[in-house]
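Read off the chains here:
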Amino acid sequence: MHYITLNKNNFISFHETPWNNFLFDGNTNEIDTFEFDTVENGNKLISLFDDLCNVNTIKYSCIRIGGDNKNLKSILEDSNYKNVETSIKAICNINQIPKNKLFDKFKFSIEPSTINDLKFIKNIAETEFKYGRFSEDSKVDTNHSKTRNSNWIDSLYEKSHLIVGKVDFNIFGFMAFDIKDTNANLVLGGVDSNYSYLAYPFWYAIFEKLKTMGVKNIDVMISASNIGILNLYSKFGFKFSDTYFGYRKIR
């Protein structure tokens, strides 16, 4: 983590995102925190940040901000950051997800992924995902976005829980998630369109699995454009708690 600081009330924290570098043929980073007490100080911070990015040949920077942060929107837009996507955070107490006898009747297995599963998971990540920060950005080539999703799977395999769904030994879906204490963050999940009828039962099975792992609360970030997945989480009783606007700058 890196910082640009004026004082304790005015600072930016950010990190490099080397897994995105190939998308822009150069270095990339992401702002994690942007705190300021006046618009003037906010403008100073973004100017210092951009100067540092130029010195270090950062080709792409991104940030997600709360939907109600009007001053930060103005600061970013005045510095040529573009809004390219909108995300919604969904949350749920896992014990409020009711038992569903119908979903229990579907016959498939869920199990931890192995390295031999990765090529099948990557295929789903490349072909089925049409929403998200890069998929929705008109300046990012579609094939590059697909490759980025595929590369992300390698990182998730190393750092997160990665579960696959199988029918007759064929992988039809996957879910990557992180657990901290009794909270689970669903990072990335999808189902092969040939098995779309298993999407709801698969998610339900994941929730049942999380219960056995001691999880009490779940959160997930969803593209506001992905109506199908919004309906899915709504079906399971998730509440939509926050809206985030995704901004980026290509230099």
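Details of the structure are given in the entry above.
Bear in mind that the values here come from a model prediction, so they are computed numbers and not experimental data.

So, the overall build of the chain
Check the secondary structure of the chain and you find 8 helices and 11 strands. Against the 2.2 N^0.38 benchmark of 18 Å for 251 residues, the chain shows a C-alpha radius of gyration of 20 Å, consistent with a compact globule. Within the structure as shown, the chain displays about 13,200 Å² of accessible surface, and the carbon and sulfur contribution to it stands at 48%. Here the chain carries 30 positive and 30 negative side-chain charges, and the mean point of each set is 5 Å from the other.

Let's talk about the packing of aromatic side chains
What the rule picks out here adds up to 19 aromatic pairs. Consider the rings of Y195 and Y197, whose centres lie 6.4 Å apart with planes at 35°: the pair is tilted. Ring centres 5.9 Å apart and planes at 90° place the aromatic pair F202 and W203 in the edge-to-face group. Judged by its relative accessible area of 0%, F202 is buried. One residue, R148, lies across the ring of W152, its end atom 4.7 Å from the ring centre.

Some thoughts on the packing of helix α5 (residues 118-128) against helix α6 (residues 142-159)
The N-to-C vectors of α5 and α6 enclose an angle of 140°; their axes lie 8 Å apart at closest approach. In terms of orientation, α5 lies oblique with respect to α6. As for how α5 packs across α6, the hand of that crossing is right-handed. Contact residues: L118, I121, K122, A125 and E126 in α5; K146, N149, S150, I153, D154 and Y157 in α6. Of the residues that constitute the contact of α5 with α6, the class distribution is 5 nonpolar, 2 polar and 4 charged.

Section: the pattern of salt bridges
A full pass over the atoms with the stated rule returns 10 salt bridges. Between D50 and K249 there is a salt bridge, with its nearest N and O atoms 3.1 Å apart. A residue pair is termed long-range when its members are at least 10 positions apart, and D50 in helix α2 (residues 39-55) and K249 in strand β11 (residues 239-250) qualify at 199 residues. By the burial criterion, D50 is buried, and K249 matches it.

What counts and what doesn't
- Residues numbered from 1 in each chain as written.
- Predicted model: local features only at pLDDT ≥ 70, side-chain atom pairs only at ≥ 80, totals over all residues.
- Heavy atoms only, no water.
- Helix = DSSP H or I, 4+ residues; strand = E, 2+ residues; numbered from the N terminus.
- Rg over C-alpha atoms; globule rule 2.2 N^0.38 Å.
- Areas by Shrake-Rupley, 256 points an atom, 1.4 Å probe, with all protein chains shown as cover.
- Lys, Arg positive; Asp, Glu negative; His and termini not counted.
- Charge placed at Lys NZ, Arg CZ, Asp CG, Glu CD.
- Phe/Tyr/Trp six-rings, centres within 6.5 Å; stacked < 30°, edge-to-face > 60°.
- Buried < 20%, exposed > 50% of the residue type's maximum accessible area, 1.4 Å probe, protein only.
- Lys NZ or Arg CZ within 6 Å of the ring centre and 35° of its normal.
- Axes fitted to C-alpha atoms, helices over the stretch in contact; angles between N-to-C directions.
- Parallel < 35°, antiparallel > 145°, perpendicular 65-115°, else oblique.
- Left-handed = near helix turned anticlockwise from the far one by under 90°.
- Contact = heavy atoms within 4.5 Å.
- Nonpolar A, V, L, I, M, F, W, Y, C, P; charged D, E, K, R; others polar.
- Salt bridge = Lys/Arg side-chain N within 4 Å of Asp/Glu carboxyl O.

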